Amino acid sequence: MTLHNLDQLYRQVIMTYAKHPHHFQSLSVDSGQAVTKYNPTCGDLIKLTLVIENGRVQDLSFDGDGCAIFKASASMMTDLIDHKSLAEVQSLSQQFSTMMTDGQSSKALGDACSLTGVRKFPTRIKCATLPWHALDELLTQN
């Protein structure tokens, strides 16, 4: 597979998640903890809600408005952390941060590895990392 074909495949994966995001709904804050984050660069807005019981993510959702990269990243993230322990979630968040910084992807990140190409566009990195920053903020509350 050529580099061009790989880029095309990653674009298709991102667009699929953006058009059909998983966990894109609004959970009641009464059932969990929520945080809202905003990216003023392009206007992305996320409300991330986690229900954590016995040290595990039992339910989750995200709601908001933003670009395709933001929606795809949030969808991929919520798929990855659903029903994981807080330690696993923290590890995945760190791996994603490392990937976005140095380009080293991890198999544990699954489809989120397709976001590595965003690094070529510095203004779009914030779009991909916004959901993960919201996650990190929620993790510090636990």
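Throughout what follows, the structure given in this document is the object of discussion.

Rules used in this analysis
- Sequence order as written defines the numbering, with residues in each chain counted from 1.
- For this predicted model, a pLDDT threshold of at least 70 governs which residues receive local features, and a threshold of 80 or more governs which side-chain atom pairs are given and counted, while totals over whole chains, interfaces and linings are taken from all residues.
- In computing side-chain properties, one takes all heavy atoms of the structure into account and sets aside hydrogens as well as water.
- The helix and strand labels rest on DSSP assignments: H or I over at least four residues marks a helix, E over at least two residues marks a strand, and numbering proceeds from the N terminus.
- Only the C-alpha atoms count toward the radius of gyration. The rule for a globule is 2.2 Å times the residue count to the power 0.38.
- Under the scheme applied here, a residue whose accessible area is under 20% of the maximum for its type counts as buried, over 50% as exposed, and between as partly exposed, the area being computed with a 1.4 Å probe on protein chains only.
- Here a residue-residue contact requires only that any non-hydrogen atoms of the pair lie within 4.5 Å.
- Throughout this description, the term nonpolar core refers to a set of buried Ala, Val, Leu, Ile, Met, Phe, Trp, Tyr and Cys residues connected via side-chain atoms within 4.5 Å.
- For two strands to pair, DSSP has to find at least two bridges joining them.
- Whenever a helix is involved, its axis is fitted only over the stretch in contact; in every case the axis is a line through C-alpha atoms, and angles between N-to-C directions fall within 0 to 180 degrees.
- Expected span, for any helix, means 1.5 Å times one less than how many residues it has.
- Bend is computed residue by residue as the angle between axes fitted to the seven residues ending at the residue and the seven residues starting at it.
- Whether a crossing is left-handed or right-handed is set by the direction in which the near helix is turned from the far one by less than a right angle, anticlockwise for left-handed and clockwise for right-handed.
- Polar here means any residue other than Ala, Val, Leu, Ile, Met, Phe, Trp, Tyr, Cys and Pro, which are nonpolar, and Asp, Glu, Lys and Arg, which are charged; Gly is therefore polar.

On a plain count of helices and strands, the chain comes out with four helices and three strands. Ordered by position in the sequence, the α and β elements of the chain form the string α-β-β-β-α-α-α. The C-alpha atoms of the chain give a radius of gyration of 14 Å, which matches the 14 Å a tight globule of 142 residues would have. Taken over 142 residues, the chain has a buried fraction of 39%. Relative to all contacts within the chain whose residues are 6 or more apart in sequence, the contacts with residues 24 or more apart total 61%.

Let's shift gears to the nonpolar core. Of all hydrophobic cores here, the largest spans 39 residues; its most connected members are Leu48, Phe96, Leu109 and Leu135. When residues of this core are traced back to their parent elements, those giving at least two are helix 1 (3-19), strand 2 (44-53), strand 3 (56-65), helix 2 (68-81), helix 3 (86-102) and helix 4 (122-140). Beyond its immediate stretch of four places on either side in the chain, Leu109 contacts Leu80, Leu92, Gln95, Phe96, Met99 and Trp132.

Moving on to the sheet that holds strand 2. An order of 1-2-3 is seen for the three strands of this open sheet, with the pairing classed as antiparallel. Among the strands making up the open sheet, the edge pair consists of strand 1 (33-39) and strand 3. In this sheet, neighbouring strand axes are inclined to one another by 20 degrees on average, regardless of whether the strands run parallel or antiparallel. Sheet topology note: the strand 2/strand 3 ladder contains nine bridges and is antiparallel. Bridge assignment links Leu48 to a residue of strand 3, and that residue is Phe62. Along the sheet face, helix 2 touches strand 2 and strand 3 and points at about 170 degrees away from the line of strand 3. Contacting strand 1 and strand 2, helix 4 crosses the sheet at an angle of about 150 degrees to strand 1.

Let's shift gears to helix 4. Spanning 19 residues, helix 4 covers 26 Å between terminal C-alpha atoms, matching the ideal 27 Å at 1.5 Å per step. Where helix 4 bends most, at Thr129, the angle is about 45 degrees, and the proline Pro131 comes one to four residues later. Restricting attention to buried positions, one finds in helix 4 the residues Cys127, Ala128, Thr129, Leu130, Pro131, Trp132, Ala134, Leu135, Leu138 and Leu139.

So, on to the environment of Gln141. You can see Gln141 is positioned in the segment after helix 4. The spatial distance from the C-alpha of Gln141 to the C-alpha of Gln33 is 8.8 Å, given a sequence separation of 108 residues.

On to the packing of helix 2 against helix 4. At their nearest, the axes of helix 2 and helix 4 sit 8 Å apart, and the two run at 35 degrees to each other. With respect to the hand of their crossing, helix 2 and helix 4 are arranged in right-handed fashion. Residue-level inspection shows Ile69, Phe70, Ser73, Ala74, Met77, Leu80 and Ile81 of helix 2 in contact with helix 4, the latter providing Arg124, Cys127, Ala128, Leu130, Pro131, Trp132 and Leu135. Here the contact of helix 2 with helix 4 is built from residues that sort into 12 nonpolar, one polar and one charged.

So, on to the pairing of strand 1. Where strand 1 lies against strand 2, seven bridges are found, and the strand directions are antiparallel. Counted as the bridge partner of Gln33 is Leu50 from strand 2. Hairpin connection of strand 1 to strand 2: four residues between the antiparallel strands, including Gly43 at a positive phi of 90 degrees.

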